[in-house]
Amino acid sequence: HPSGARYPNAAEIEQYVNAVSGDPAHIAYMWMDEPISNHSSIGGSSEGTIALVRQWTETTHRLDPRRLVATSEWANYAGLLNTQRRISFPNLTADVYSYDHYPIEFAWGSERGGTVTQFAYIAETYFKWNFGLVPFFAWVETADVRPKGASNPYTQYPPTQEQLRMISWIPIVHGAKGLCW
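Residue numbers restart at each chain and count upward from 1, following the sequence in its written direction. Local features in a predicted model are, by the rule used here, given only for residues with pLDDT of at least 70; side-chain atom pairs are given and counted only at 80 or more, and totals for whole chains, interfaces and linings are based on all residues. The basis for every side-chain value is the complete set of heavy atoms in the structure, and neither hydrogens nor water enter the calculation.

(A) Broad picture of the overall build of the protein. Check the secondary structure of the protein and you find 5 helices and 5 strands. Here a strand is any run of E in DSSP of at least two residues, a helix any run of H or I of at least four, and the numbering for each starts at the N terminus. N-terminal to C-terminal, the α/β element order of the protein is α-β-α-β-α-β-α-β-α-β. Per-residue accessibility, obtained with a 1.4 Å probe over protein chains only, is compared with the maximum for each type, and a residue is labelled buried under 20%, exposed over 50%, and partly exposed between these values. Looking at the protein as a whole, 44% of its 181 residues qualify as buried. Put simply, of all contacts in the protein between residues at least 6 apart along the chain, 70% involve residues at least 24 apart. Under the convention used here, a 1.4 Å probe and the Shrake-Rupley method define accessible areas, while residue burial counts only the protein chains that appear. Accessible surface, the protein as shown: approximately 9300 Å² in total, 57% of it carbon and sulfur. Throughout, a contact is declared for two residues whenever any of their heavy atoms are within 4.5 Å.

Written out as structure tokens, the structure is:
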């Protein structure tokens, strides 16, 4: 694809689903990380990419109606108001939504910004926008912590046990149904 992003076509989805649909350990499908917030050009626009993600979900359901299809988006405050709002009810694109927002890594004046308060607000907002009907998961930051921002080339420290507990429980308390590592 011209954007450089690799995403599945219908034949690839069909081939993969047919290969794994009988596996009892397989619980869900996710076709691309952050397709809308980071790769909106794959569908020609954000709206086109939202439609493409919905098409992946419908194709997957046709082939394997027993399993969920998830999508994950990058969720800082601006992304929440722009991308995530457009995939929420009634414009559902997947069965499960997930987001990654790393409040420890991006808290201290980094180019992305992100705070623990925003982390909780994003979880609460996902729950409210979907009326508690669409489950959502949060990605928990367990490694690669760069508190000076993503451009910092090295990890300064792993999250502490207390930090891991905090960033695991905050989304659950605010309505998340699961965590991803």
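(B) Looking closely at the packing of aromatic side chains. Only centres within 6.5 Å qualify two rings of Phe, Tyr or Trp (six-membered ring in Trp) as a pair; their planes then separate them into stacked at under 30 degrees, edge-to-face at over 60, and tilted for everything else. Within this structure, the stated rule accounts for 9 aromatic pairs. Centroid distance Tyr-99 to Phe-136: 6.2 Å. Interplanar angle 35°. Geometry classified as tilted. Note that Tyr-99 is positioned in strand β3 (residues 96–100) and Phe-136 in strand β4 (residues 136–139), a separation of 37 residues in sequence. Centre to centre, the rings of Tyr-126 and Phe-136 are 5.4 Å apart; their planes meet at 35°, and the pair counts as tilted. Here the residue Tyr-126 occupies a position in helix α4 (residues 116–129), and Phe-136 occupies one in strand β4, the gap between them amounting to 10 residues. Here the two residues Tyr-126 and Phe-136 agree in accessibility, since each one is buried. Counting every residue linked through ring pairs, the aromatic cluster contains Tyr-97, Tyr-99, Phe-119, Tyr-126 and Phe-136.

It is worth stressing that arrangement in space is one thing and function is another; only the former is reported here.
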